[in-house]
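Residues per chain, in single letters:
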Amino acid sequence: MPQAQKLMEKGKVGVQPARTISKVGVIGAGQMGSGIAHVVALSGYDVAINDLKRESFDKGLEAVTKNMARQVAKGLITEETRNQALERISFAPSLEAFGDCDLVIEAATEDEALKHKIFAALCPHLKPTAMLASNTSSISITRLASNTDRPEDFIGMHFMNPVPLMELVELIRGIATEDETFATAKTFVESLGKTTAVSEDFPAFIVNRILLPMINEAVYTLYEGVGTVEAIDKAMKLGAHHPMGPLELADFIGLDTCLSVMQVLYEGLSDSKYRPCPLLVKYVEAGWLGRKTKRGFYDYRGEKPVPTR
């Protein structure tokens, strides 16, 4: 089929309005995936979540249920709204289940090879008009899109953690992302009650380009003995009025994710100022990844977090 005909069939010729999104697929039922599903379902969309294990979906749905219960208790949503939202969330046992989705958001681990593998397996099951988005916090959207069958319908949609509470979503266009795709993504994100910030497709985009080097520098400050975990976090909370100290925040994000972002910055920009701190590498190698493993810069196994250094 000639390319012009393909474009016409997909509604690409001429000025087109943003496409309509009714059903959304989410790949990954972890903290980010379940959080995205939470806000999407609450905004009236049907959501299908796929994960390698049904247990992961069940755990993610449990987290969504608890978080919505908190919203009901605070008077932010009604009991009826919560129940309707939960009914919109379903389990997708395989990628084939995304065949009727208008948009699929990938929210897997921050590993480029894994993301490429997911998109390669996903694309054959999508309808021609379906859009793809990645929740990556640092990896090139252009590179991810180039390994799919629809780079013009691919966009970066970086939600912040925790998704239900954070107002911002970064939108990142790849070099091939079309105006209609961008307009649809922006309209969709705003329908979730979020605010968008548009970033160029450079390593780590805007938020993590600024935030993660600060965290990495805090780890260096600990590594070099300038201050203890407690002193560093206290200094930034009281001295810079940050709501969380940088090491506490690193534990919340996940030290493996922090390391992955720093590696993307270091390799992508070839600047030594982005070199991951050896202590951060050591913690990740030890499996001390923060809150999700109960140990990081703090030990969370007791009643109260205790600094590990």
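This text follows the structure it describes.
A.B. asks: Before we move on, could you go through the overall build of the protein and cite the residues and values that matter?
C.D. replies: Within the protein one finds twelve helices and ten strands. Dimensions of the protein, computed from C-alpha atoms along their principal axes, come out at roughly 65 × 50 × 35 Å. Burial statistics for the protein: of 309 residues in total, 46% are counted as buried. About 15100 Å² of surface is accessible on the protein, with carbon and sulfur atoms providing 54% of the total.

A.B. asks: Now, about the environment of Leu 76: what can you tell me, with residues and values included?
C.D. replies: Tracing the backbone through its elements, the reader meets Leu 76 in the loop between helix H3 (54–73) and helix H4 (79–87). Considering only alpha carbons, one finds Leu 76 and Leu 247, 171 residues apart in sequence, at a separation of 31 Å.

A.B. asks: How would you explain the environment of Ala 92 if you had to name every residue and give the values?
C.D. replies: Among the secondary structure elements, Ala 92 is positioned in the loop between strand E3 (89–91) and strand E4 (103–106). For Ala 92, a relative accessible area of 1% corresponds to the buried category. Ala 92 has contacts with Ala 48, Ile 49, Asn 50, Ala 97 and Phe 98, leaving out every residue within four places of it along the chain.

A.B. asks: Break down the nonpolar core for me, with residues and values.
C.D. replies: Within the largest apolar cluster, 35 residues are counted, with the highest numbers of intra-cluster contacts made by Val 24, Val 40, Leu 103, Ile 105, Met 157, Phe 159 and Phe 188. Of the residues forming this core, the biggest block, six residues, is contributed by helix H2 (residues 31–42). Sequence-distant contacts of Leu 103, defined by excluding residues within four places in its chain, comprise Ile 21, Lys 23, Val 24, Gly 25, Met 131, Leu 132, Ala 133, Met 157 and Phe 188. Within the second largest apolar cluster, 26 residues are counted, among which are Leu 222, Leu 247, Cys 258 and Met 262.

A.B. asks: I'd like a rundown of the packing of helix H8 (residues 207–223) against helix H10 (residues 246–253), residues and numbers included.
C.D. replies: The angle between the axes and the distance between the axes are what describe a pair of packed helices. Interhelical geometry of H8 versus H10 gives an angle of 120 degrees and a closest axis separation of 9 Å. Relative to H10, the crossing made by H8 is left-handed. Of H10, the residues touching H8 (which contributes Leu 211, Met 214, Ile 215, Ala 218, Val 219 and Leu 222) are Pro 246, Leu 247, Leu 249, Ala 250 and Ile 253. Across the contact of H8 with H10, the residue classes break down as eleven nonpolar, no polar and no charged.

A.B. asks: Quick rundown of the pairing of strand E5 (residues 131–134)? Include the residues and the values.
C.D. replies: Going residue by residue along E5, you find Met 131 and Ala 133 tucked away on one face and Leu 132 and Ser 134 tucked away on the opposite face as well. In terms of strand pairing, E4 meets E5 through four bridges, oriented parallel. Within the sheet, the bridge partner assigned to Glu 106 lies in E5 and is Ser 134. Handedness of the E4-helix H5 (residues 112–122)-E5 crossover: right-handed. Both E5 and strand E6 (residues 154–159) contribute to a ladder of three bridges, which runs parallel. Opposite Ser 134, over in E6, you have Gly 156 as the bridge partner. Taking the sense of rotation as the criterion, the β-α-β connection linking E5, helix H6 (residues 141–146) and E6 turns out right-handed.

A.B. asks: Describe unusual backbone geometry, with residues and values.
C.D. replies: Cis geometry marks the peptide bond from Asn 161 to Pro 162; its omega dihedral reads 0 degrees. Checked against the element boundaries, Pro 162 lands in the loop between E6 and strand E7 (168–173). Residue Lys 294 is not a glycine yet carries a positive backbone phi of 75 degrees. Within the secondary structure, Lys 294 is located in the loop between helix H12 (278–285) and strand E9 (298–299).

A.B. asks: So, the packing of aromatic side chains: which residues are in play, and what are the values?
C.D. replies: In total, this model carries seven aromatic pairs according to the counting rule given. Ring centres 6.3 Å apart and planes at 50 degrees place the aromatic pair Tyr 298 and Tyr 300 in the tilted group. Across the pair, Tyr 300 and Tyr 298 agree in class, each one buried. Through a chain of ring-to-ring contacts, the aromatic side chains of Tyr 283, Trp 288 and Phe 297 assemble into a single cluster.

A.B. asks: Quick rundown of helix H11 (residues 255–269)? Include the residues and the values.
C.D. replies: The end-to-end C-alpha distance of H11 is 21 Å, a good match for the 21 Å that 15 residues give at a rise of 1.5 Å each. Structurally, H11 contributes buried residues whose contacts are with H8, H10 and H12. Where H11 terminates, the next one or two residues include Ser 270, which has phi positive at roughly 50 degrees.

A.B. asks: Quick rundown of the environment of Glu 106? Include the residues and the values.
C.D. replies: Among the secondary structure elements, Glu 106 is positioned in strand E4. Glu 106 gets classed as buried once you look at its relative accessible area, which sits at 0%. Other than its neighbours up to four places away in sequence, Glu 106 contacts Ile 27, Lys 115, Phe 119, Ala 133, Ser 134 and Asn 135. Within the structure, the side chain of Glu 106 is placed 2.4 Å from the side chain of Lys 115, a separation counted as a polar contact.

Thresholds, definitions, all that
- Residues numbered from 1 in each chain as written.
- Predicted model: local features only at pLDDT ≥ 70, side-chain atom pairs only at ≥ 80, totals over all residues.
- Heavy atoms only, no water.
- Helix = DSSP H or I, 4+ residues; strand = E, 2+ residues; numbered from the N terminus.
- Buried < 20%, exposed > 50% of the residue type's maximum accessible area, 1.4 Å probe, protein only.
- Areas by Shrake-Rupley, 256 points an atom, 1.4 Å probe, with all protein chains shown as cover.
- Contact = heavy atoms within 4.5 Å.
- Core = buried A, V, L, I, M, F, W, Y, C linked by side-chain atoms within 4.5 Å.
- Axes fitted to C-alpha atoms, helices over the stretch in contact; angles between N-to-C directions.
- Left-handed = near helix turned anticlockwise from the far one by under 90°.
- Nonpolar A, V, L, I, M, F, W, Y, C, P; charged D, E, K, R; others polar.
- Pairing = 2+ DSSP bridges.
- Right-handed = clockwise from strand over helix to strand, strands pointing away.
- Phe/Tyr/Trp six-rings, centres within 6.5 Å; stacked < 30°, edge-to-face > 60°.
- Expected span 1.5 Å × (residues − 1).
- Polar contact = N/O pair within 3.5 Å; in protein donor to acceptor, adjacent residues only side chain to side chain.

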